[in-house]
Amino acid sequence: MAIFLLERTAPLPIDEAWRRLTEWPRHAGTVPLTRVVVTTEPPTRQGTRFVARTGLGPLALSDPMEVTVWRPPHDGEPGLCRLVKRGRTVLGWAELEVRPGPGGRTRVLWREELRFRPLPAFCDPLLERTATVVFGRAVNKLLRTP
């Protein structure tokens, strides 16, 4: 399994950073060849499910996820969202946290444990490096784009 942590400080109010990170269909615009479909009714809450599908045709990989913790930021308190991957191939979890940062900015933490069922353990360091780059770019783009 690959475990990684991304940390960012965004020049955004905490509520705006939260919105940008938790509008699931927006993630499709940050990862090449990816579509995101929310399969439950809005608004997002505990129990919300969505599927990120990456690839082309029969070579695409589905990553179904469920929101298991949903605590938006409120009255200066941090926000936390935990996603659990519910697929057969892509396994693990992710946590998105926003907290007040210096000078009215927002501190963003993205923690993730990622496993691909067919990959042997010796591939974990490469998976971790690749995921850190891909998800790091995704977080940067999500925070930059309104």
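For the structure itself, consult the block above.
Each value, and the rule that gives it
- Residues numbered from 1 in each chain as written.
- Predicted model: local features only at pLDDT ≥ 70, side-chain atom pairs only at ≥ 80, totals over all residues.
- Heavy atoms only, no water.
- Helix = DSSP H or I, 4+ residues; strand = E, 2+ residues; numbered from the N terminus.
- Buried < 20%, exposed > 50% of the residue type's maximum accessible area, 1.4 Å probe, protein only.
- Salt bridge = Lys/Arg side-chain N within 4 Å of Asp/Glu carboxyl O.
- Core = buried A, V, L, I, M, F, W, Y, C linked by side-chain atoms within 4.5 Å.
- Contact = heavy atoms within 4.5 Å.

Visitor: Can you lay out unusual backbone geometry for me, pointing to particular residues and giving the numbers?
Guide: The amide bond that connects P42 to the next residue, P43, takes the cis arrangement and shows omega of 0°. Inspection of the secondary structure puts P43 in the loop between β2 (34-38) and β3 (49-54). Not every positive phi belongs to a glycine, and L33 is a case in point at roughly 60°. Residue placement: L33 occurs in the loop between α1 (14-22) and β2. For L33, a relative accessible area of 54% translates into the label exposed. One non-glycine residue, D75, lies in positive phi territory at about 50°. Within the fold, D75 resides in the loop between β4 (61-71) and β5 (79-86).

Visitor: Provide a residue-level description of the pattern of salt bridges, including the pertinent values.
Guide: Scanning the model with the defined rule gives 13 salt bridges in all. E97 is the salt-bridge partner of R99, the closest N and O atoms lying 2.3 Å from each other. Here E97 falls in the buried class, since its relative accessible area comes to 10%.

Visitor: Summarise the nonpolar core; cite the residues concerned and give the values.
Guide: In terms of nonpolar packing, the biggest core is built from 31 residues, with W24, L83, W110 and L143 touching the most fellow members. Put simply, the parts of the chain that give this core at least two residues each are β1 (2-10), α1, β3, β4, β5, β6 (90-100), β7 (106-116) and α2 (124-144). Beyond its immediate chain neighbours, meaning those up to four positions away, L83 contacts W24, F50, M65, E66, V67, G92, W93 and A94.

Limitation: the analysis is restricted to geometry and does not speak to function.
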